[in-house]
Amino acid sequence: MSSQTLSYIIQMNSNFDKVYASFNKFAGGVNTGIDTIQRKLNSVSLNAMIQNINSAADGLNSLNDPGMKLSTNMYDLQAITGVAGDKLKEIEGYARQNAKTFGGDASASAESYKLILSQLSPEIAKMPKALQAMGKEVSVTSKLMGGDTVAATNVLTTAMNQYQVALDDPIKASKEMARMNNVMAAAAKEGSAELPQIAQALEQSGLAAKTAGVSFEETNAFIQVLDKNGKKGAEGGVALRNVMATLAQGRFLPKDTKEELAAAGVNIDTLTDSSLSLSDRLKPLKSIMNDQALVTKLFGKENSNAAIAMISNIEEANRLTDAVTGTKTDVIHTHTAKAGVLARLASILAGRGAVRVHTFHGHLLHGYFSSALTKLVISIEKFFAARTSVLIAIGS
């Protein structure tokens with residue numbers, strides 16, 4: 001073999017080795033890339049699987065959660081009251097029925113039952129019908145308070161506790177709760193103080209008013225009068241209590257104060273006569289309204305402005321008392337589009353001044369109808385929205 005041929009073969013082998021090494025390097029890079037991609041794919045698949053498992057677990061929890069809460073609340077209710085067996089099942093049935101009527105879940109209704117029993121008396125549970133009726137009143141009031149069941153329960157139980165409503169007959173007590181609820185709802189509609197402020201005022205003045213022989217209706221009327229004059233919530237309740245306390249002093253007022261009142265033609269006995277309405281007790285004091293010094297001497301610096309507001313607004317208090325006496329404020333809760341429009345229209349035409357609550361379901365105002373029909377529906381809903389007390393949306 002010639003040296004030239006041998007040299008060519010050696011050069012060829014050398015080139016082949018380079019190509020082979022280069023190919024191996026390329027293959028190694030490809031394999032590394034494939035391994036990396038595979039790991040990422042495996043990671044993505046694993047993450048996706050984990051997410052699917054978590055989503056499924058969340059779904060199961062969301063389905064199971066209301067039932068678990070209801071069971072827990074019923075167990076707590078049993079522990080509070082000692083009620084078991086058929087009566088406990090009856091109460092649970094009422095909780096489910098209340099949820100269907102007012103929306104939400106049965107556990108929330110059971111929670112309101114627990115609050116009623118803890119704040120009034122556990123003995124009420126022995127009469128499930130009475131507890132059902134009280135729970136209904138809480139649900140009605142809750143709708144007027146943005147769905148706040150706890151606050152609604154506090155409003156009603158505060159009124160009953162402050163006015164020392166007897167609970168030995170739970171059915172009778174539930175009817176009294178309904179009456180008080182109507183009075184407070186009517187007062188809130190007629191005046192400026194809303195239900196939470198009424199409850200705060202009653203907490204400070206209710207027991208004193210009851211002791212002084214002032215009706216629940218008239219107490220609410222003067223709470224509204226004081227609220228309008230800047231004495232709001234608990235402050236108004238304290239002011240009302242202090243004014244009534246001063247009137248009750250009667251013959252125990254300072255001697256010089258009694259002499260000045262007598263000189264102004266004020267009969268002390270009238271101020272303390274619990275057979276009279278609070279307005280009638282206050283009327284004789286109109287004769288001293290221009291004597292700021294005597295008003296301050298009688299009621300004190302802290303309460304003189306409240307007293308002046310009450311005496312100056314006796315006629316308004318009488319109007320409010322009449323407006324909230326013997327009333328039954330209708331609460332109409334409507335659902336869905338057609339039923340909501342028809343029911344609210346009927347309520348408006350009836351002219352009863354009802355409290356209207358409407359719940360929207362789904363996406364009625366967006367993407368459900370054609371563009372032209374959607375505009376018409378929106379116009380209709382705007383009309384009724386201005387005449388609806390509370391709007392609730394459960395679609396997202």
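Definitions and cut-offs
Residues numbered from 1 in each chain as written. Predicted model: local features only at pLDDT ≥ 70, side-chain atom pairs only at ≥ 80, totals over all residues. Heavy atoms only, no water. Helix = DSSP H or I, 4+ residues; strand = E, 2+ residues; numbered from the N terminus. Contact = heavy atoms within 4.5 Å. Areas by Shrake-Rupley, 256 points an atom, 1.4 Å probe, with all protein chains shown as cover. Axes fitted to C-alpha atoms, helices over the stretch in contact; angles between N-to-C directions. Parallel < 35°, antiparallel > 145°, perpendicular 65-115°, else oblique. Left-handed = near helix turned anticlockwise from the far one by under 90°. Nonpolar A, V, L, I, M, F, W, Y, C, P; charged D, E, K, R; others polar. pLDDT = per-residue confidence, 0-100. Salt bridge = Lys/Arg side-chain N within 4 Å of Asp/Glu carboxyl O. Core = buried A, V, L, I, M, F, W, Y, C linked by side-chain atoms within 4.5 Å. Buried < 20%, exposed > 50% of the residue type's maximum accessible area, 1.4 Å probe, protein only. Phe/Tyr/Trp six-rings, centres within 6.5 Å; stacked < 30°, edge-to-face > 60°. Expected span 1.5 Å × (residues − 1). Arc of directions from axis to C-beta. Polar contact = N/O pair within 3.5 Å; in protein donor to acceptor, adjacent residues only side chain to side chain.

A.B. asks: Tell me about the overall build of the protein, and name the residues and values.
C.D. replies: Scanning the protein from N- to C-terminus turns up 17 helices and three strands. Partitioning the intrachain contacts of the protein with sequence separation of at least 6 by distance along the chain shows that 66% fall at a separation of at least 24. Within the structure as shown, the protein displays about 21700 Å² of accessible surface, and the carbon and sulfur contribution to it stands at 56%.

A.B. asks: Go over the packing of helix H13 (residues 292–299) against helix H14 (residues 304–312), please, and point to the residues and values.
C.D. replies: Orientation of H13 relative to H14, taken along the N-to-C sense of each, is 110 degrees, at an axis distance of 9 Å. As the angle between them shows, H13 and H14 are arranged roughly perpendicular. Once H13 is placed against H14, the crossing between them reads as right-handed. In this structure, H13 uses Gln292, Val295, Thr296 and Phe299 to contact H14, whose residues at the interface are Ser304, Ala307, Ile308 and Ile311. Partitioned by chemical class, the residues of the contact of H13 with H14 number five nonpolar, three polar and no charged.

A.B. asks: So what's going on with the confidence of the model for the protein? Residues and values would help.
C.D. replies: When pLDDT is averaged across the protein, the result is 83; 76% of the residues are at 70 or more. Contacts for the low-pLDDT stretch residues 60–64, under 50 throughout, to residues beyond four places or in other chains number zero contacts.

A.B. asks: Before we move on, can you summarise the pattern of salt bridges with the specific residues and values?
C.D. replies: Evaluated as defined, the whole model comprises 14 salt bridges. Taking the shortest distance from any N to any O, the salt bridge between Glu123 and Lys126 comes out at 2.8 Å. One salt-bridge network, in which partners are shared between bridges, spans Asp76, Glu111 and Lys114.

A.B. asks: Summarise the nonpolar core; cite the residues concerned and give the values.
C.D. replies: Here is a general trend for soluble globular proteins: nonpolar side chains tend to be buried in one another's company. Counting 80 residues, the largest nonpolar core has Met184, Leu261, Leu278, Leu282, Leu285 and Phe299 as its most contacted members. Among the elements that make up this core, the one with the highest residue count is helix H6 (residues 170–190) (eight residues). If we skip the residues at most four places from it in the chain, Leu261 touches Leu253, Val266, Ile268, Leu285, Ile288, Leu294 and Leu298.

A.B. asks: Outline the packing of aromatic side chains, listing residues and values.
C.D. replies: A full pass over the atoms with the stated rule returns one aromatic pair. Geometrically, the ring pair formed by Tyr163 and Phe216 is edge-to-face, given 5.2 Å between the ring centres and 85 degrees between the ring planes. Highlighted residues: Tyr163 in the loop between helix H5 (149–162) and H6 and Phe216 in helix H8 (residues 216–228), separated in sequence by 53 residues. By relative accessible area, Phe216 is classed as buried at 2%.

A.B. asks: Could you give me a rundown of helix H17 (residues 371–385), with the residues and numbers involved?
C.D. replies: In this model, H17 (15 residues) spans 21 Å end to end at C-alpha, consistent with the 21 Å of a helix rising 1.5 Å per residue. For H17, the set of buried residues is Thr374, Val377, Glu381 and Phe384. Looking down the long axis of H17, one finds its buried residues gathered within 85 degrees of arc, a one-sided arrangement. Seen from the buried face of H17, the exposed residues on the opposite side, beyond 90 degrees, are Ser371, Ala372, Lys375 and Lys382.

A.B. asks: Before we move on, can you summarise the side chain of Ser112 with the specific residues and values?
C.D. replies: Locating Ser112 in the fold gives a position in helix H3 (residues 106–119). A polar contact is formed between the side chain of Ser112 and the backbone oxygen of Ser109, at a distance of 2.6 Å.

A.B. asks: So what about the packing of helix H2 (residues 85–102) against H3? Which residues, and what values?
C.D. replies: As a packed pair, H2 and H3 sit with axes 7 Å apart at the nearest point and diverge in direction by 120 degrees. Judged by the inter-axis angle, H2 sits oblique to H3. For the crossing formed where H2 meets H3, the hand is right-handed. Judged by residue contacts, Ile91, Tyr94, Ala95, Arg96, Asn98 and Ala99 of H2 engage Ala106, Ser109, Ala110 and Tyr113 from H3.

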